[in-house]
Amino acid sequence: MIVLQRPHGIRLFFVLKGSVLQSIAPAILTCTAIALAVTLSRGVLFNWKVTLSAVPFSLIGLALSIFLGFRNSAAFDRYWEARKLWGDLVHRSRSFARQVQSLFHRDAPATPADPHDVRAALIRRTIAFAHALRHQLRRSDAGADVAPLLSSTEAREFAEARLGTHYLLGRIGADVGAAMRAGELDPVIAAHMDDMLSAMAAVAAGCERIKTTPIPFVYTLLLHRTATLFCLLLPFGLVDLIGYMTPVMVAFVSYTFFGLAAVGDEIEDPFGIEPNHLPLETICRTIEIDLLEALGEKTLPAPLAPVNFRLS
Amino acid sequence: MIVLQRPHGIRLFFVLKGSVLQSIAPAILTCTAIALAVTLSRGVLFNWKVTLSAVPFSLIGLALSIFLGFRNSAAFDRYWEARKLWGDLVHRSRSFARQVQSLFHRDAPATPADPHDVRAALIRRTIAFAHALRHQLRRSDAGADVAPLLSSTEAREFAEARLGTHYLLGRIGADVGAAMRAGELDPVIAAHMDDMLSAMAAVAAGCERIKTTPIPFVYTLLLHRTATLFCLLLPFGLVDLIGYMTPVMVAFVSYTFFGLAAVGDEIEDPFGIEPNHLPLETICRTIEIDLLEALGEKTLPAPLAPVNFRLS
Amino acid sequence: MIVLQRPHGIRLFFVLKGSVLQSIAPAILTCTAIALAVTLSRGVLFNWKVTLSAVPFSLIGLALSIFLGFRNSAAFDRYWEARKLWGDLVHRSRSFARQVQSLFHRDAPATPADPHDVRAALIRRTIAFAHALRHQLRRSDAGADVAPLLSSTEAREFAEARLGTHYLLGRIGADVGAAMRAGELDPVIAAHMDDMLSAMAAVAAGCERIKTTPIPFVYTLLLHRTATLFCLLLPFGLVDLIGYMTPVMVAFVSYTFFGLAAVGDEIEDPFGIEPNHLPLETICRTIEIDLLEALGEKTLPAPLAPVNFRLS
Amino acid sequence: MIVLQRPHGIRLFFVLKGSVLQSIAPAILTCTAIALAVTLSRGVLFNWKVTLSAVPFSLIGLALSIFLGFRNSAAFDRYWEARKLWGDLVHRSRSFARQVQSLFHRDAPATPADPHDVRAALIRRTIAFAHALRHQLRRSDAGADVAPLLSSTEAREFAEARLGTHYLLGRIGADVGAAMRAGELDPVIAAHMDDMLSAMAAVAAGCERIKTTPIPFVYTLLLHRTATLFCLLLPFGLVDLIGYMTPVMVAFVSYTFFGLAAVGDEIEDPFGIEPNHLPLETICRTIEIDLLEALGEKTLPAPLAPVNFRLS
Amino acid sequence: MIVLQRPHGIRLFFVLKGSVLQSIAPAILTCTAIALAVTLSRGVLFNWKVTLSAVPFSLIGLALSIFLGFRNSAAFDRYWEARKLWGDLVHRSRSFARQVQSLFHRDAPATPADPHDVRAALIRRTIAFAHALRHQLRRSDAGADVAPLLSSTEAREFAEARLGTHYLLGRIGADVGAAMRAGELDPVIAAHMDDMLSAMAAVAAGCERIKTTPIPFVYTLLLHRTATLFCLLLPFGLVDLIGYMTPVMVAFVSYTFFGLAAVGDEIEDPFGIEPNHLPLETICRTIEIDLLEALGEKTLPAPLAPVNFRLS
């Protein structure tokens, strides 16, 4: 995620960080080059004057704009829903830790001093869950982040499990159930804490859903086809009207349309590591700090700071 | 569901998979042919010059675009709600299995080794529920997928039941109730687990709703009528302005409008087996794997992989 | 609800079922007639040439289109929310029946054989609730549908009650409370089942809200006034531009605008018995079948089938 | 709330009730007068010909229309959310009354005959809550409606309380707690009923939020400024094109734009007593009737009927 | 938040409070100056006539308007969600206080007279939570507001905690747990009250999410670039058409586009102290008054009143 303030004045046009300019530059240049050729030939293609005017473009431009708007909203909704799911994980984790520390039938909260306290293990696994989910979504290896938070047996089982997040919730659930049977948790409290686990499972399934189900391919195809055709034909429609300004306006129009399309492409899958994706590492660190603090840990890791105006 | 990356450059125009081009080709060709005839006759129909200009088309084009946008959003919302419901089923199933394994008053979780453990039966029926729902939505026979997960009596009763999903939830609920009366589940835990069953019933009813209640027929009618009339009359409005380019632009405009309408038609009923429909088999397999793993099964089926870039 | 497939080709223009054509035909004909008169008089009204062009119409057309789009979305949201509420009722009813059959402290589920089993009465009243709600929304008499499901005392009290749905929930609640006091339901289970009753009350109140609170009258007025003025003045704006095609295009434009407005008018109040309204009878029958099946009834009524492509 | 059917034909233009025409008439007349002056002077202002055309207006008209659309949606969402909150109150009140009548450890439901039954007091205070909320939102005195439902001590304390709704929920909560301590309510039932109180508190806070937080002032300012400037300058853009029809079209355009803006202004704050505001009195009466009926009262007040096509 | 009524007539153009005019004035003036230069030079730049017409601007203007509309909706949704979260906090706080006062196994509610009553401490910490959240979102020091509500030990620990809100919920949770273990709260009531704490944690996490995750930077960049380019090039497109009116219309267009963009910029981050931001202090004061009243405090602080038409 880019954490830059909006630049003003002339600097507005020279920011590249977090812009999509790099990815759409080839397409814009192609269209502009064609527009230049069309301008120089005054719209004559193979000795045949292409008799277009701007009118049909306003018909298509309308449908295209509304479609771009729709696609953008759909992509942004995915982005924002993904962020909400992680925000959900933040407060579910915190609340679960609070419940662990306050609702057991024990006199004092768990402290890092006692390594065998099941409550400390519950909280540590909750931290591990956030890391595991992040790595699962980014298709990376969670071992290094997760292992220090688990016992060695668990770390091995975690590495072997098909779905680390599922394994961790199962382990947490088993300990909650055991505590209930041991009389340390009232059944109603156990059910109450189990609700939090279900909520975390819902977060994981929601992220999985966004990750594995893109906006239907047919939309992407239709949109890019229409936008590309539009920008390729546009010079013929403008050249008789604005002459040598044709390449300039075609560049502008194609920047707007391709830019909007590209923003959608990038935002649509928000769990990646592109500049405009969600800062999952930062959020995981927040959860880690909050839960270690709830456990009474005194030396806490530092929150992540942006590197080169970017949170990863 | 198509899992293709967006093609770039010239290849963008040659992808057929997941495109709606096949279904709209006849309509586009008809309009283009008419446009060609109009161009050749210079807008004269039966010796009578049709005096249209592009202006009224921009008035109608606007309303049509906004209407297409509305219809598209409505169709996509159905698609995405359907996907959410199945995502819901994924995590409800997982959480129910976790509850089964952790919240009974028994010392160890169920294993596949003991075929009479009620908990194994509960988990297997939960898997069966997902398969049954998929077949119910696709109007296919669930027998082959469901029978191996049930006892022979249950499999017979399932086959006889009017609504398989309803039957399965009833059986699961009955066992939860019996376990409660036998003192194996605290009443509060039984109520808590029953909540999950209600949530699964809500998923089934939600999918049924989407399946049985299309977007009102009047919308489809009004939209297709307006779009068709628009594209049929358009050549008369363009021919005096752009001459021989008329068929090209009519083809383009009709591709855009019919394409948008056709995407809506396809996405609207997302449970089918068209290329852009939801990959229900893949999701069912995910549930199957997760729940068998929760049961301690060691040999798990493989996740479904895309066949020819398509998940079924 | 119309359950017709979208017609293709020329048949698209000859479907009347579920179309709004009948209701808007007078308005379209009026506008077309005026357009014809304007065309014949070349825009001269009482010896005075009305000097309009199409430009101001595109300004108003834009605002009108966006407004029509807004109104349509609002109307469709009402339609879809209404359908969701009824979908909710479907699964709440099913889940309540499941709870009744599984969570009482009794060994076997209720069967139709024992007419005095309170559980059978609970399930039958739940069916009656759906019928009562349908009749309440359609302002028709629920007696014939509801009486067979109730004891004769209840049927009499139901007929006397101001709000049948309210009466039924009260009766169900009273029996749940009595069962709790008799020790047949654990308090936590009673509260859990009472939640279902509250959810059914929420469905009833939601439907009532949609029924009694139309989209504010001022919207309807503003929209119809603007659309009507637009179509009445349009011929003057087109006649100098497209001559004898004026009546054709005015007919087309007024079909689009009045059609969109009329769809909204129809969909807005979705509980009626117009072709595009919700098939409440069909849904009630579904609930009836499901709940009788849960009660162990062997002879079930048949699901409703479309009559002349229409579900009522 | 206006409960008029949409007028047809010529009558459409002569309905004033619930229209915003009165409030926007001055602005429309001003613009039309200016348009008339511009038409008569042929666009010459102080001997200087203002050279405008319609083109820039279509650029601004677009942005203005989309902005009007956005503002309208935001205002309508507030209206509809407000209605939902009150619909919520309807069913929460009913469900709370049902719980009161069925879930106490007493053999028979409360009747009006026993004035000291705490359950009757609970139900009466729930009715009072609805009245109190209505008066709070309309900044009127609740005394006359609320006092007959409370004991004299309570009525006095209510009058002294800063927030009547808050006071009433506190009193209801206190009695639920006391019943729990007295063993008349199981703790799980008490928590369950307390949930309803929290839901009523949520309704009150939701209404307060809508009441106290208008759509940001900057929107109103920007919208009205742009719309006014647009309509004031428009005559100069139209006069060379449509001559003497300029005042007519300016009147039409300004009716559309000012009308849309005014509808938003009126709907935005839906708790008032303007014609298009919510019929809170009618809803309160509904709650009163339903709850008195639940209490077994035989003589019920009549539902409110529209006075001059208007529900207050 | 500005609490001004909409000004009418000529005054509409002279309100500065809550307008964004100051922040966009430089951009508007720059564009207008360029337009003036272009007008004076009749579109000739360095002896080269720039041959633009208005047509391409309507193509881009469309996409730009739709994009502005999208961005505005996204920004307003953030604003309104933020307001909803604080509305949530209002009723959660009130309901928690009600539960504290009614659901403990004690005969009388807590009063300010007994400083050692744990219930008074619970309520005071709930007030402190609101203040702490406000200061956290505004990056200011909460000490002065929070300390008087806490014991001196707590105030010190609060000041040392990384996240004050998190600390306070932990302290409240610990006391609820202790009360449960001491038999003063039934476990089901403790779980019920813990739910409220989780809801408050959700409010805090939701606000944090809005605060730390802006609308993706790429949107801001693309929008401001397109709008700026549009307004800079526009004079060339208008000058041949409307001559000396060019600067006037460019000023108008740039006011509309930059104004809409600037409103989005301001509303997007609603927790600040700009005129159009949320009145968090006012809301905190409301919570403070309500909860002190619930505690039986007789002398309550006064609600905040607008200063110079502005609530802070």
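Residues numbered from 1 in each chain as written. Chains lettered and ligands numbered in written order. Predicted model: local features only at pLDDT ≥ 70, side-chain atom pairs only at ≥ 80, totals over all residues. Heavy atoms only, no water.

1. Thoughts on the relation of the copies chain A and chain E
- Note on the identical chains: chain A maps onto chain E by a rotation of 72 degrees and an axial translation of 0.0 Å, with an RMSD of 0.0 Å. Here the copies are linked by what is in effect a five-fold axis. Minimal C-alpha separation from the rotation axis in chain A is found for V188 of chain A, amounting to 5.1 Å.
- Interface overlap between copies is the fraction of interface residues in one copy that are interface residues in the other; for chain A against chain E it is only 7%, indicating separate surfaces. (Least-squares fit on C-alpha atoms with pLDDT ≥ 70 in both. Contact = heavy atoms within 4.5 Å.)

2. Topic: unusual backbone geometry
- Within the chain, R139 of chain B stands out as a residue other than glycine whose phi angle is a positive 55 degrees.
- Inspection of the secondary structure puts R139 of chain B in the loop between helix 3 (118-138) and helix 4 (143-146).
- For N308 of chain C, which is not glycine, the phi torsion reads 55 degrees and is therefore positive.
- Mapped onto the fold, N308 of chain C is located in the segment after helix 10 (280-294).
- By relative accessible area, which is 51% here, N308 of chain C ends up exposed. (Helix = DSSP H or I, 4+ residues; strand = E, 2+ residues; numbered from the N terminus. Buried < 20%, exposed > 50% of the residue type's maximum accessible area, 1.4 Å probe, protein only.)

3. Some details on the interface of chain A and chain E
- The interface is formed by 73 residues belonging to chain A together with 61 residues belonging to chain E.
- When chain A packs against chain E, close to 5,800 Å² is buried across both sides, 72% of that on carbon and sulfur atoms.
- Across the contact surface, chain A and chain E share three salt bridges.
- Linking R98 of chain A and D194 of chain E is a salt bridge whose minimum nitrogen-to-oxygen distance equals 3.3 Å.
- Secondary-structure elements contributing two or more residues to the side of chain A that touches chain E are helix 2 (55-103), helix 7 (187-212), helix 8 (217-242), helix 9 (246-268) and helix 10 (280-294) of chain A. (Buried area = accessible area lost by both parts, 1.4 Å probe. Salt bridge = Lys/Arg side-chain N within 4 Å of Asp/Glu carboxyl O.)

4. Section: the domain arrangement of chain A
All names here are of chain A.
- As assigned here, chain A comprises domain 1 (9-75 + 215-268) and domain 2 (78-213 + 279-294).
- Put simply, the middle of domain 1 and the middle of domain 2, counted by C-alpha atoms, are 47 Å apart.
- Residue-level contacts link five residues of domain 1 with four residues of domain 2.
- When domain 1 packs against domain 2, close to 350 Å² is buried across both sides, 48% of that on carbon and sulfur atoms.
- For the domain 1 face of the interface with domain 2, the top three residues by lost area are I215, I267 and E268, together amounting to 71%.
- Here domain 1 is connected to domain 2 by zero salt bridges.
- Taken together, the connections running from domain 1 to domain 2 amount to four residue pairs in polar contact (both at pLDDT 80 or more).
- Put simply, the parts of the chain that give the side of domain 1 that touches domain 2 at least two residues each are helix 2 and helix 9.
- For the side of domain 1 that touches domain 2, a count of residues per class yields four nonpolar, no polar and one charged. (Domains from an automatic or database assignment. Polar contact = N/O pair within 3.5 Å; in protein donor to acceptor, adjacent residues only side chain to side chain. Nonpolar A, V, L, I, M, F, W, Y, C, P; charged D, E, K, R; others polar.)

5. Let's talk about the packing of aromatic side chains
- Per the stated rule, a full pass over the model turns up 45 aromatic pairs over all chains.
- For the ring pair F57 of chain A and F230 of chain A, a centre distance of 5.4 Å and an interplane angle of 85 degrees mean the geometry is edge-to-face. With F57 of chain A in helix 2 and F230 of chain A in helix 8, this residue pair connects regions lying 173 residues apart in the sequence.
- The class for F230 of chain A is buried, based on a relative accessible area of 0%.
- Within the aromatic cluster, the residues linked to one another by ring pairs are F67, F70 and Y219 of chain A together with F76, Y79 and W80 of chain B.
- Taking NZ or CZ as reference, R119 of chain E lies 6.0 Å from the ring centre of F104 of chain E, over its face. (Phe/Tyr/Trp six-rings, centres within 6.5 Å; stacked < 30°, edge-to-face > 60°. Lys NZ or Arg CZ within 6 Å of the ring centre and 35° of its normal.)

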